[in-house]
Amino acid sequence: MHLLDGLNEMQQQAVSTTEGPVMVMAGAGSGKTRVLTHRIAYLIEELGIPSNQILAVTFTNKAAMEMKERVSKLLDRDVRNMWISTFHACCVRILRKDILYLNKHTRDFVIIDEEDALRLIRDILKSLEIDKKEFNPKVLKDAISKIKNKVYIPSNNPYTEEIVDKVYLNYQKVLQDENLLDFDDLIIMTIEIFEKFPHVLEYYQNLFQYIMIDEFQDTNSIQYHLINLLAQKSKNIFVVGDQDQSIYSFRGARIENIDLFQKDYSNTKIILLEQNYRSVKNILNLANSLIEKNQKRIKKNLFTVKTFDNLPVYYRAESGYAEAIYVKEKIEQMLNEGYNYSDIAILYRANAISRLFEDIFIKYKIPYRIYGGVSFYRRKEIKDIICYLRLITNLDCDFAFKRIINEPKRKIGDSVVEKLTAIKDQYHVSLFAAIDYAEGIVSKQQLNALLDFKFMILELQERIEDCSIDDFIDLVLQRTTYLEMLQAQNEEGLDRLANIYELKSILSDVNEDITGSNYEKLNVFLSDVALKTDADEIDDKEDFVKMMTFHQAKGLEFKVVFMVVMEQGIFPNQLIRDHNDLEEERRICYVGITRAMERLFLTNAINRRYQGMITSNNPSQFIKEMDAKYLEAYGHLNGSFENNYTRRIKIVADDKPINKDYKVGDKINHATFGDGLVVGVDSKNITVAFSVQYGIKKLVANHPSIRKI
DNA sequence: AGGTCTTTCCTTTTT
DNA sequence: GGAAAGACCT
């Protein structure tokens with residue numbers, strides 16, 4: 001049975017235990033994706049389960065895509081129509097079919113992202129005349145999301161329930177009126193249909209004979225509720241998770257679901273995957289020694305057979321700049337040792353940290369790519385063009401209308417939109433249709449601008465089938481004068497235009513993949529564009545260093561990992577409130593370490609510029625918590641905080657001397673003995689005269705505690 | 001309505 | 001330090 005070949009005993013068990021509830025506790029790098037993909041293939045090939053009766057849920061598009069690809073390879077056939085997707089995409093697929101039951105939205109609802117939602121909240125605050133200085137829209141949005149996700153809200157929040165409720169109700173009303181759904185709604189509405197219309201639920205319960213959930217430790221309450229509903233009938237539910245890698249609790253993820261699952265499914269079979277196939281011993285031991293400091297966890301015994309002589313390295317630089325230089329030098333060293341740029345990843349706690357390293361990499365011509373930050377589909381110009389396409393394909397889409405009515409500027413400002421909104425409310429029409437009632441309400445000039453806009457959109461609508469959908473972008477760009485606006489902006493405009501051309505090439509793929517009229521093609525594309533996050537797909541062909549946050553690195557692996565800016569206040573972050581938060585930060589650190597296969601570098605600096613200020617942070621407490629015998633430490637290890645612990649870590653001479661070629665008469669500084677004068681030099685050592693207190697010492701010349709001054 | 005100066009705010013963020 | 005929202009001026 002080839003699907004079990006090459007799997008260890010536990011993995012085979014996980015693949016072949018198909019009936020009833022199963023929970024797999026899969027440590028980092030223990031081959032859980034392998035198990036999941038083989039299990040799907042096993043169900044289809046060995047048990048003859050129809051491929052559309054299996055539901056596999058992942059957390060990222062990337063993970064879903066990877067899983068589909070691997071299953072497709074195992075089965076040697078097209079799996080495009082299988083239910084392998086994220087929670088949200090799965091719900092969208094259900095809602096596009098069944099949302100009419102709720103009688104609130106139509107099937108062509110528009111999904112809005114977080115930024116769009118925030119925009120709506122700001123508008124609502126304005127209309128309710130609530131001061132946004134007093135009530136931060138972002139906090140309100142989070143509060144609303146927490147209500148929707150049924151997450152407990154601490155009672156000490158200054159946001160009186162009254163205000164939150166008021167904004168919440170208005171927000172929901174706007175969403176319904178404008179046929180919009182936010183990310184939370186996708187899950188909630190699906191549950192609502194299932195609970196109100198049992199025959200719909202039954203349909204899906206019968207459809208999904210086998211359900212599999214990846215990254216189970218990161219499911220939140222309603223997601224858990226959803227899969228519970230679906231699995232009620234077959235009880236063939238298979239979840240894979242690792243509590244030590246739960247790093248999304250700030251978004252409502254509940255590790256408790258692991259316990260809950262075992263209670264809700266009393267006959268759960270538990271399978272432990274404890275062999276790590278990714279990291280060498282020293283790295284795994286280091287990770288284990290750290291995560292043991294978490295009290296709230298079940299001990300496990302993750303082991304590896306991979307050995308390697310190198311120890312993970314800790315380096316404390318003098319400044320953020322020096323830290324980046326060190327990383328650059330180590331990258332060069334790794335290249336000499338035979339690694340490629342693409343084997344190397346720089347991981348950090350916050351996106352803003354990438355900048356310093358970026359500057360150095362540009363200067364020294366190290367090819368790199370930053371993942372995350374502002375993702376492609378969130379860029380202003382992309383959203384603008386998408387909203388043009390939305391309005392053209394659906395004139396009633398007020399949300400799109402508001403975004404682009406004055407972009408590029410056509411002298412239709414807020415006051416005009418307010419007037420149109422009043423007309424809309426009075427006649428119960430869309431904003432676009434409200435233009436027809438605007439005569440006499442807006443000035444003559446404004447009316448003309450509105451009519452120009454109207455005819456422009458109508459004309460584009462008529463010409464939609466005239467060319468391929470990607471070429472239609474050019475038409476939109478020209479006719480709306482968006483192109484003209486960008487061309488007037490020099491460099492920035494060119495960047496934005498390049499992004500739009502990128503969108504165009506994505507659309508040309510859509511053009512080939514989907515059959516039907518342009519109108520239909522665009523509708524398919526637009527229907528779930530909000531769910532797309534990374535057009536920045538990893539391109540393995542090119543050779544570059546990857547830079548990303550720890551969160552983004554989850555599920556990935558790299559031969560060489562740099563964990564940078566390991567400083568107290570940044571990581572763990574200063575905003576943590578309690579012990580639970582600290583444990584989550586520690587798990588983030590654990591996730592970071594366990595991404596590394598062969599080489600690991602932890603770095604930080606004594607001083608750095610951060611958020612416009614010069615700050616000096618202590619080394620991250622996590623460094624101190626790691627078992628020192630798995631670390632080699634270099635650099636500026638002096639200072640009261642560290643004296644304590646430098647004793648605990650091995651200080652070994654750096655393979656590259658920081659200061660070389662001393663000669664008699666040089667002034668140097670030693671970490672412990674202070675300033676001194678070189679009085680003698682031989683092949684390896686220097687003799688230095690320090691202050692009376694320390695006298696004359698013979699020292700290893702390239703020792704990291706010595707530097708030239 | 002739109003340009004420019006000034007103030008404010010900064011975690012993480014699979015969807 | 002730098003983006004983004006807000007205030008102020010034209």
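All values derive from a computational prediction rather than experimental measurement.

(A) How the structure looks around the confidence of the model for chain A. Averaged over every residue, the pLDDT of chain A is 85; the share at 70 or more is 91%. When the criterion is pLDDT under 50, residues 639-660 qualifies, and its contacts beyond four places in sequence or with other chains add up to 48 contacts.

(B) A look at empty space enclosed by the protein. Applying the stated criterion to the full structure yields 2 cavities of 30 Å³ or more. Reported here for the largest cavity is a volume of approximately 160 Å³. Along its surface, the largest cavity is lined by 14 residues, and Asp113, Tyr377, Lys383, Val529 and Ala530 are the ones closest to its centre. For the lining of the largest cavity, the elements supplying multiple residues, two or more each, are helix 15 (380-393) and helix 16 (398-404). Examining the composition of the lining of the largest cavity, we find that 4 residues originate from one element, helix 15, more than from any other. Here the residues of the lining of the largest cavity sort into 7 nonpolar, no polar and 7 charged. Reported here for the second largest cavity is a volume of approximately 50 Å³. Lining of the second largest cavity is provided by Ile283, Asn310, Leu311, Pro312, Val313, Glu598, Arg599, Leu600 and Phe601. Considering each element in turn, the lining of the second largest cavity owes the most residues, 4 residues, to strand 14 (residues 596-610).

(C) Region of interest: a nonpolar patch on the surface. Among the surface-exposed residues, Leu677, Val679 and Ile696 lie close enough to one another that they form a single nonpolar patch of about 270 Å² accessible area. Note that isoleucine 696 resides in strand 21 (residues 696-700). Judged by its relative accessible area of 62%, isoleucine 696 is exposed.

(D) Looking closely at the pairing of strand 12 (residues 545-549). With 5 of 5 residues buried, strand 12 lies mostly within the body of the structure. Burial along strand 12 is two-sided: Val545, Met547 and Thr549 facing one way and Lys546 and Met548 facing the other are all buried. In this structure, strand 10 (residues 344-348) lies alongside strand 12, joined through 4 bridges in parallel fashion. Bridged to leucine 347 within strand 12 is methionine 548. As paired elements, strand 11 (residues 368-370) and strand 12 share 3 bridges and run parallel to each other. Across the sheet, the residue bridging to tyrosine 368 is valine 545, located in strand 12.

Conventions we followed
Residues numbered from 1 in each chain as written. Chains lettered and ligands numbered in written order. Predicted model: local features only at pLDDT ≥ 70, side-chain atom pairs only at ≥ 80, totals over all residues. Heavy atoms only, no water. pLDDT = per-residue confidence, 0-100. Contact = heavy atoms within 4.5 Å. 1 Å grid on protein atoms, 1.4 Å probe; cavity = no way out; pocket = protein on both sides within 12 Å on 5 of 7 lines; lining within 4 Å. Points joined across faces, edges and corners; volume = space filled by probe spheres on them. Helix = DSSP H or I, 4+ residues; strand = E, 2+ residues; numbered from the N terminus. Nonpolar A, V, L, I, M, F, W, Y, C, P; charged D, E, K, R; others polar. Patch = residues over 30% accessible without salt bridge, like charges linked within 9 Å, V, L, I, M, F, W, Y side chains within 5 Å. Areas by Shrake-Rupley, 256 points an atom, 1.4 Å probe, with all protein chains shown as cover. Salt bridge = Lys/Arg side-chain N within 4 Å of Asp/Glu carboxyl O. Buried < 20%, exposed > 50% of the residue type's maximum accessible area, 1.4 Å probe, protein only. Pairing = 2+ DSSP bridges.

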